[in-house]
Amino acid sequence: MRHSILMLSLAAVLAVTAGCQRNTAPAADAGKPDTATSATTAATQMIDEHSYAEPDKVKVKDLALELKLDFDKRQIDGSATLTLDWLDQKATKLNLDTRDLTIGKIVGERSDGKWEDLKYTLAPADKVLGSKLTIETPQRNQRVRITYTTSPDASGLQWLTAAMTEGKKTPFMFSQSQQIHARSWVPLQDTPSVRFTYTAHVLAPKDAMVVMSAKMEPGADNSGDKRDGDYSFAMPNPIPSYLLAIGAGDLVFKPISNRSGVWAEPAAVDKAAKEFADTEKMIATTEKLYGPYRWERYDMLLLPPSFPYGGMENPRMTFLTPTVIVGDKSLVSLIAHELAHSWSGNLVTFSSARDAWLNEGVTSYVENRIIEELYGKERADMENVIERNELAADFKGAIPPQLQPLSIKPGLMADPDEVDRGAVVYAKGAWFLQFLEQRFGRADFDAFLRGYFDHFAFQSISTDQFRDYAKANLLEKYPGKVTQEEFDAWLYEPGVPATAPQTTSARFDAVDAARKTWLDNGTLPAKDATAKWTTQEWVHFIEGMPEKLSTEQLAALDATYHFTGTPNGEIAQRWYPLAVRSGYTQANAEIAKFLERVGRRKLIMPTYKELVKTPEGLKLAEEILARAKPGYHPITTGSVEAAIAEGKAGKPATN
Ligand code: BES
Ligand code: ZN
């Protein structure tokens, strides 16, 4: 259920805040390019409505961070030195994005090499965008240094006490910068259209090991545990701000191959390395398809269960939820996904959140190819079918037509964290590429995609740039296979074109038959059949159930399969909403435990959304949140509070 990554109701989507309108061109001018408005379109396509930066005037080229982690105060004290590229020789100010930062001093380097104080103003905070920091730079300084402190409630950081960790001995902290949270721990141009190299020097308590989305120096390979409280990092490739990342805690390393391994708390590292043992094979497979892995190492950081996402593709250091460790590698498509971002996303990056499908859709396509290569077509097909069923369900209610095109008009996403079009960017995005693959043939389409990654390597691009590239290198190169109209329908029309290729799964057919037999006459499938079922089959078994089941039916399933209390979050994500809808209150205690233990939004939001639909459920949701909140990430708390508020207002979201 990838779509649940982004969630909220239509009402909230349409309530575009005043703060966001500032940069927003009239929506009618954007979307599908047409000759009459193409100039406006080109301009609006490049504008990032979620940033105060003006990258057409000045761009950050390099960021040098000096950071000190203070676990007691839950804050980072630091300085950020920005090296600037002044594109507009008349510009006299530098606008940066910040959120809840306390700014100390700002200095700029003069042409004679001396540093001088610079005047600045910090605008009142916009709820979504934070505070615009405007620095007076009449000299267009080559470098500007901002000294600052983060807030204990920084939206992009989570600070966990030792008691909230696996080992209970050392506190833990980690960042989550996507979509617009880097600004809560570094003052910068927080837009994916700007790329910069970075270095960081980080001081931390001696018992905390620090990792970042960068190369560790010296020692260079991130593979040793050098805990001395003083760490240096360098990212020599230009990256967008949402890929800035840091994590610190009682972390040890276990190698998987000579360029890959896992960082985790000592109690979890062996299990994690075992579950992710196929990582090297995944890297090799993706390289074979799409060219060399360009980031040298691919390491993973296993986070506490409060991590609000499944994974985050921070370069050189994917951040991961522990909820994918289920013992049978059935959820490692998450690794395939985050690894795939090393090409689609980190190498070729969307230039604004409106172009999310360029990151997530292309990645979901590549992910599925990796799964097919490593685990076979049956598994890849099952994962596809789950995605598409969900897309179909969302198109019926949760996602309004104007959010259904892959490329949407500006002004529709007030808060990129809370807009529900995940199914579009992931599933429809991947489906679009599967359509192109089917029409052009795998060999030619693979060559195209590989060429695309090479062509735009280390650049941030818009949907229009993708379209132009595909026009020249696909549509016109192999004429007669796909028309521009067919191509554009995926990008600019709601729904899915009727010509989309369909996928079926024989294994799911068997699951459908088993479910039907049980619903018809109460006979559960034979044990030796279900013994071979993987997570995907169980998910499909539950998802195909009627809207509600009787208490007896749910109890019968529980007696045999123990869904209530399952350690598998993917199953819990589907089972608990069904239990809540059906009034199966026997599950409440386990529901509460699950929602308190896990902070990954995709897994828990469907249950919260179901709970808030009734007065008793709403009460339970509030009680659970009150207990869970100290351990939740700010992003998760925000989503749960929004769901509860909607429940109270009597208009809970439709899914
Ligand atoms: N980049 C995303 C996570 C993300 C998206 C964070 C948008 C903030 C805003 C990551 O690659 C992702 O897609 N994670 C998925 C995993 C997946 C297998 C679909 C998730 O977290 O569930
Ligand atoms: Zn992704």
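To be clear, the structure that these remarks concern was listed above.
Figured I'd write up the structure that's included with this text. (Residues numbered from 1 in each chain as written. Chains lettered and ligands numbered in written order. Predicted model: local features only at pLDDT ≥ 70, side-chain atom pairs only at ≥ 80, totals over all residues. Heavy atoms only, no water.)

### As for the overall build of the protein
Then, in step 1: In terms of helices and strands, the protein carries 21 helices and 22 strands.
Then, in step 2: Taking 26 Å as the expected radius of gyration for a compact globule of 655 residues, we find that the protein reaches 24 Å, a close match to that expectation.
Then, in step 3: Taken along the three principal axes of its C-alpha coordinates, the protein extends 85 × 65 × 55 Å.
Then, in step 4: When each of the 655 residues of the protein is scored for burial, the buried share is 62%.
Then, in step 5: Of the contacts made within the protein by residues no fewer than 6 positions apart, 73% connect residues no fewer than 24 positions apart. (Helix = DSSP H or I, 4+ residues; strand = E, 2+ residues; numbered from the N terminus. Rg over C-alpha atoms; globule rule 2.2 N^0.38 Å. Buried < 20%, exposed > 50% of the residue type's maximum accessible area, 1.4 Å probe, protein only. Contact = heavy atoms within 4.5 Å.)

### A word on the site of ligand 1
Then, in step 1: Around ligand 1 sit 16 residues, and of these Gln-178, Gly-310, Glu-313, Glu-338 and Tyr-426 come closest.
Then, in step 2: For ligand 1, a nitrogen atom lies 2.7 Å from a polar atom in the side chain of Glu-313.
Then, in step 3: Residue His-337 places a side-chain N or O atom 3.0 Å away from an oxygen atom belonging to ligand 1.
Then, in step 4: In isolation ligand 1 exposes 520 Å². Once the protein is present, 96% of that is buried.
Then, in step 5: When contributions to the shell around ligand 1 are tallied by element, the ones reaching two or more residues are β19 (311-312) and α6 (333-340).
Then, in step 6: Element by element, the count of residues in the shell around ligand 1 is highest for α6, at three residues. (Near = heavy atom within 4 Å. Polar contact = N/O pair within 3.5 Å; in protein donor to acceptor, adjacent residues only side chain to side chain. Areas by Shrake-Rupley, 256 points an atom, 1.4 Å probe, with all protein chains shown as cover.)

### Focus on the pattern of salt bridges
Then, in step 1: Under the definition given, this model contains 46 salt bridges.
Then, in step 2: The partner of Glu-383 in a salt bridge is Arg-379, with the nearest N and O atoms 3.3 Å apart. Here Glu-383 pairs with Arg-379, and both are found in helix α8 (residues 377-396), just four residues apart, close to one helical turn.
Then, in step 3: Judged by relative accessible area, Glu-383 falls into the buried class, the value being 8%.
Then, in step 4: With its nearest N and O atoms 2.8 Å apart, the salt bridge here joins Glu-537 to Arg-507. With a gap of 30 residues between them, Glu-537 in helix α15 (residues 535-543) and Arg-507 in helix α13 (residues 506-521) connect regions that are remote in the sequence.
Then, in step 5: Exposure remark for Arg-507: the relative accessible area of 25% places this residue in the partly exposed category. (Salt bridge = Lys/Arg side-chain N within 4 Å of Asp/Glu carboxyl O.)

### Side note on unusual backbone geometry
Then, in step 1: In this chain, Gln-178 is followed by Gln-179 through a cis amide linkage whose omega measures 0 degrees.
Then, in step 2: By secondary structure assignment, the location of Gln-179 is in the loop between β10 (172-175) and β11 (195-203).
Then, in step 3: Of note, His-562 is a non-glycine position whose phi angle comes to about 55 degrees, a positive value.
Then, in step 4: Among the secondary structure elements, His-562 is positioned in the loop between α16 (551-561) and α17 (569-581).

### Section: the coordination of the zinc ion (ligand 2)
Metal coordination angles have textbook ideals: 109.5 degrees for a tetrahedral set of four donors and 90 or 180 degrees for an octahedral set of six.
Then, in step 1: Protein coordination of the zinc ion (ligand 2) is provided by His-337 (NE2), His-341 (NE2) and Glu-360 (OE), with donor distances spanning 1.9 to 2.1 Å.
Then, in step 2: All donors to the zinc ion (ligand 2) come from one chain, and their sequence spacing reads H-x3-H-x18-E. Taken together, the positions of His-341 in the loop between α6 and β21 (348-350) and Glu-360 in helix α7 (residues 356-375) put the pair 19 residues apart, joining distant regions of the chain.
Then, in step 3: Using a relative accessible area of 6% as the deciding quantity, one classes Glu-360 as buried. (Donors = N, O, S within 2.8 Å, 3.2 Å for Na, K, Ca; no water.)

### Considerations on the pairing of strand β16 (residues 252-257)
Then, in step 1: As judged from the five bridges shared by β16 and strand β17 (residues 260-264), these two strands associate in the antiparallel manner. By the bridge assignment for β17, Val-252 is matched with Ala-264.
Then, in step 2: Hairpin connection, β16 to β17: the antiparallel pair is bridged by two residues. (Pairing = 2+ DSSP bridges.)

### What to know about the sheet that holds strand β7 (residues 131-136)
Then, in step 1: Across the sheet, three strands lie side by side as β3-β7-β6; this open sheet has antiparallel pairing. The strands lining the two open edges of the sheet, one partner per strand, are β3 (93-98) and β6 (120-122). For this sheet, the mean angle separating the axes of adjacent strands, direction not counted, is 15 degrees.
Then, in step 2: As judged from the six bridges shared by β3 and β7, these two strands associate in the antiparallel manner. Bridge pairing links Asn-95 to Thr-134 in β7. (Axes fitted to C-alpha atoms, helices over the stretch in contact; angles between N-to-C directions.)

### Some thoughts on the pairing of strand β4 (residues 102-109)
On a regular strand, one side chain projects to one face of the sheet and the next to the other, so that they alternate.
Then, in step 1: As paired elements, β4 and strand β8 (residues 143-149) share five bridges and run antiparallel to each other. Bridge pairing in β8 links Thr-102 to Thr-149.
Then, in step 2: Looking at chain direction, β4 and strand β5 (residues 115-117) are connected through three bridges and run antiparallel. Across the sheet, the residue bridging to Gly-108 is Glu-116, located in β5.
Then, in step 3: Between β4 and β5, which pair antiparallel one after the other, the connecting turn spans five residues, and Gly-113 there sits at a positive phi close to 90 degrees.

### Details of the side chain of Asp-355
Then, in step 1: Mapped onto the elements, Asp-355 comes out in the loop between β21 and α7.
Then, in step 2: Look at Asp-355: it is buried, it has no salt bridge, and the nearest opposite charge is Arg-354 at 5.6 Å.
Then, in step 3: One polar contact links Asp-355 to Thr-463, side chain to side chain, over a distance of 2.7 Å. (Lys, Arg positive; Asp, Glu negative; His and termini not counted.)

### Comments concerning the nonpolar core
Then, in step 1: Residues Leu-69, Phe-276 and Phe-432 are the most contacted members of the largest nonpolar core, which totals 151 residues.
Then, in step 2: The biggest single contributor to this core is helix α9 (residues 422-440), with twelve residues.
Then, in step 3: With sequence-adjacent residues up to four places away left out, Leu-69 is seen in contact with Gln-75, Ile-76, Trp-159, Met-173, Val-202, Leu-203, Ala-204, Pro-205, Val-210, Ile-246 and Ala-248. (Core = buried A, V, L, I, M, F, W, Y, C linked by side-chain atoms within 4.5 Å.)

### Structural notes on the packing of α6 against α7
Then, in step 1: Here α6 crosses α7 at 130 degrees, and the two axes come no closer than 8 Å. Relative to α7, the element α6 lies oblique. For the element pair α6 and α7, the recorded crossing hand is right-handed. The residues of α7 that touch α6, namely those facing Ser-333, Ala-336, His-337 and Ala-340, are Glu-360, Thr-363, Ser-364, Val-366, Glu-367, Ile-370 and Ile-371.
Then, in step 2: Grouping the amino acids of the contact of α6 with α7 by side-chain chemistry returns five nonpolar, four polar and two charged. (Parallel < 35°, antiparallel > 145°, perpendicular 65-115°, else oblique. Left-handed = near helix turned anticlockwise from the far one by under 90°. Nonpolar A, V, L, I, M, F, W, Y, C, P; charged D, E, K, R; others polar.)

### Some words on the sheet that holds strand β15 (residues 246-249)
Then, in step 1: A sheet is described by the order of its strands in space; here four strands give the open sequence β9-β10-β15-β12, paired in antiparallel fashion. Looking along the sheet, the strands with just one partner apiece sit at the ends: β9 (157-160) and β12 (209-212). Neighbour-to-neighbour, the strand axes of the sheet open up by a mean angle of 10 degrees, direction not taken into account.
Then, in step 2: Relative to β10, β9 is paired through four bridges, and the arrangement is antiparallel. Bridged to Trp-159 within β10 is Met-173.

### Re helix α21 (residues 634-648)
Then, in step 1: Helix length check: α21, at 15 residues, gives a terminal C-alpha distance of 21 Å against a target of 21 Å (1.5 Å per residue), a fit within 8%.
Then, in step 2: Taken together, the buried positions of α21 are Ile-635, Thr-636, Thr-637, Ser-639, Val-640, Ala-643, Ile-644, Glu-646 and Gly-647.
Then, in step 3: Backbone geometry just downstream of α21 places Gly-650 in the positive-phi region, at approximately 80 degrees. (Expected span 1.5 Å × (residues − 1).)

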